[in-house]
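Examining the three-dimensional arrangement
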Amino acid sequence: MDIQLNGVSKSFGDQLAIDHVGFTINSGDICCLLGPSGSGKTTLIRLMIGALAADTGSIQIGETIMPNMSMLHKIGFMPQNDGLYDDLSAEANLEFFGSIYKLGKPTLQQRITEVLTLVDLTADRKKLVRNFSGGMKKRLSLAIAILHQPDVLFLDEPTVGIDPILRRQIWDQFQAIRANGTTIIVSTHVMDEVLECDRAALIYNGRLIAFDTVPRLLEQTENGRVEELFLIAGREGGTDHA
Ligand SMILES: Nc1ncnc2c1ncn2[C@@H]1O[C@H](COP(=O)(O)OP(=O)(O)OP(=O)(O)O)[C@@H](O)[C@H]1O
């Protein structure tokens, strides 16, 4: 499913968090939302999943104008702070979230087995989440986000605090999920992660300063480093509002 944003703005009180943002993410792409802390990435994701309503502009996923409750079962969301239950096992967490999606018992048990395999937590399925490492919790959050086989998957800074080896494994998992036809939107402030994506939206102070395929974005730089694009935008005055 593709995602279209047109002239989307959102304020909190008198603070303009998202300023007239528009772009289209193609179905089946991995698109990264790249920007420093506080630039508006989480707000943009919350707008796209329909957890927030835009003040102006429109957001459409496939043919559906957001927000729309009927899209909930087609969307997967991995929040920045995982919403896991520490006193439950990995398996019980998956059963709980699966029941929210109203997956029938046989389907749910089959999906639990599949997603635990994908995130490499099969051996830990009976362990309490309280005893999980940070990386294991991230992988379980990812498993929950894809349990109901969403068409579109939103990942809010999924690799924060993750060591480079595990980060590689997690990106391999994203690529495997995408290979099944899922559109993935992933926010990050790690410039290197852009290289994993088909397209990138560069966000600064709530504004879209660039949106293109990753090769075309890199062509616009002198040294092939994505951070240059933020510096160029700053020099051109595109980043000067508070
Ligand atoms: N519910 C809210 N109420 C008031 N201000 C908010 C709210 N949510 C976000 N903001 C503000 O909007 C701006 C964008 O925040 P947002 O969380 O979207 O940025 P971000 O790029 O996701 O940052 P980070 O990388 O640190 O998660 C920030 O200035 C933030 O303080």
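Quick summary incoming for the structure in this document. (Residues numbered from 1 in each chain as written. Predicted model: local features only at pLDDT ≥ 70, side-chain atom pairs only at ≥ 80, totals over all residues. Heavy atoms only, no water.)

This brings us to helix H1 (residues 41-49). H1 sits mainly inside the fold: seven of its nine residues count as buried. Just beyond H1, the residue with positive phi is Gly-50, at close to 90°. (Buried < 20%, exposed > 50% of the residue type's maximum accessible area, 1.4 Å probe, protein only. Helix = DSSP H or I, 4+ residues; strand = E, 2+ residues; numbered from the N terminus.)

With that settled, the discussion passes to the nonpolar core. Ranked by size, the top nonpolar core spans 44 residues in total, and within it Leu-94, Leu-140, Leu-142 and Leu-202 carry the most contacts. Residue contributions to this core peak at seven residues, all from helix H4 (residues 134-146). Once residues within four sequence positions are removed from consideration, Leu-202 is found in contact with Leu-34, Arg-207, Leu-208, Ile-209, Ala-210, Leu-217, Val-226, Leu-229 and Phe-230. Counting 25 residues, the second largest nonpolar core, distinct from the first, contains Ile-3, Leu-47, Leu-52 and Met-71. (Core = buried A, V, L, I, M, F, W, Y, C linked by side-chain atoms within 4.5 Å. Contact = heavy atoms within 4.5 Å.)

A few words on the sheet that holds strand S4 (residues 56-61). Either a parallel or an antiparallel arrangement is found when strands of a sheet pair, and the pairing is made through backbone hydrogen bonds. Pairing within the open sheet is antiparallel, and its four strands lie in the order S2-S1-S4-S5. Two strands bound the open sheet, and with one partner strand each, they are strand S2 (15-25) and strand S5 (64-66). Shown here is a sheet whose adjacent strand axes are inclined to one another by a mean of 30°, direction ignored. As paired strands, S4 and S5 are joined by three bridges and run antiparallel to one another. Residue Ile-59 lies in a different strand from S5, and its bridge partner there is Met-66. Relative to the sheet, H1 contacts strand S1 (3-12), S2, S4 and S5, its axis offset from that of S1 by approximately 120°. (Pairing = 2+ DSSP bridges. Axes fitted to C-alpha atoms, helices over the stretch in contact; angles between N-to-C directions.)

Before going further, it helps to spend a moment on the sheet that holds strand S8 (residues 183-188). Here we have six strands laid out as an open sheet, ordered S6-S7-S8-S3-S9-S10, and mixed in their pairing. A strand with exactly one partner marks an edge of an open sheet, and here the two such strands are strand S6 (75-78) and strand S10 (207-213). On average, adjacent strands in this sheet sit at an angle of 15° to one another, irrespective of strand direction. With four bridges connecting them, S6 and strand S7 (residues 152-156) associate as parallel partners. Looking at S7, one finds that Phe-77 is bridged to Phe-154. Sitting on the sheet, H1 touches strand S3 (30-34), S6, S7, S8 and strand S9 (199-204), and the angle it makes with S7 is about 155°.

Side-chain pairs of opposite charge can arise where the charged atoms are in close proximity. As enumerated under the stated definition, the model contains 16 salt bridges in all. Between Asp-29 and Arg-199 there is a salt bridge, and its shortest N-O distance comes to 3.4 Å. Of the two residues, Asp-29 sits in the loop between S2 and S3 while Arg-199 sits in strand S9, which places them 170 residues apart along the sequence. One exposure class covers both Asp-29 and Arg-199, and it is buried. Beyond isolated ion pairs, a larger network of salt bridges with shared partners links Glu-91, Arg-125 and Lys-126. (Salt bridge = Lys/Arg side-chain N within 4 Å of Asp/Glu carboxyl O.)

Bringing the site of the ligand into the picture now. Every one of the 13 residues lining the ligand counts as a neighbour, but Gln-15, Ser-37, Gly-38, Thr-43 and Glu-157 are closest to it. Within the contact set of the ligand, an oxygen atom lies 2.7 Å away from a backbone nitrogen or oxygen of Gly-38. For the ligand, an oxygen atom lies 3.1 Å from a polar atom in the backbone of Ser-39. When isolated, the ligand has an accessible area of 630 Å², and the protein chains bury 64% of it. Going through the elements one at a time, S2 and H1 are the ones with two or more residues in the shell around the ligand. The element that contributes the greatest number of residues to the shell around the ligand is H1, accounting for three residues. Across the shell around the ligand, the residue classes tally to three nonpolar, eight polar and two charged. (Near = heavy atom within 4 Å. Polar contact = N/O pair within 3.5 Å; in protein donor to acceptor, adjacent residues only side chain to side chain. Areas by Shrake-Rupley, 256 points an atom, 1.4 Å probe, with all protein chains shown as cover. Nonpolar A, V, L, I, M, F, W, Y, C, P; charged D, E, K, R; others polar.)

What follows is about helix H2 (residues 90-100). Residues Ala-90, Glu-91, Asn-93, Leu-94, Phe-97 and Gly-98 constitute the buried set of H2. One side of H2 carries all its buried residues, which in axial view fall inside an arc of 160°. Looking at the buried side of H2, the elements it contacts are helix H3 (105-118) and H4. Positive phi shows up at Lys-102, right after H2, with a value of about 60°. (Arc of directions from axis to C-beta.)

On their own, these measurements won't tell you what the molecule is for.
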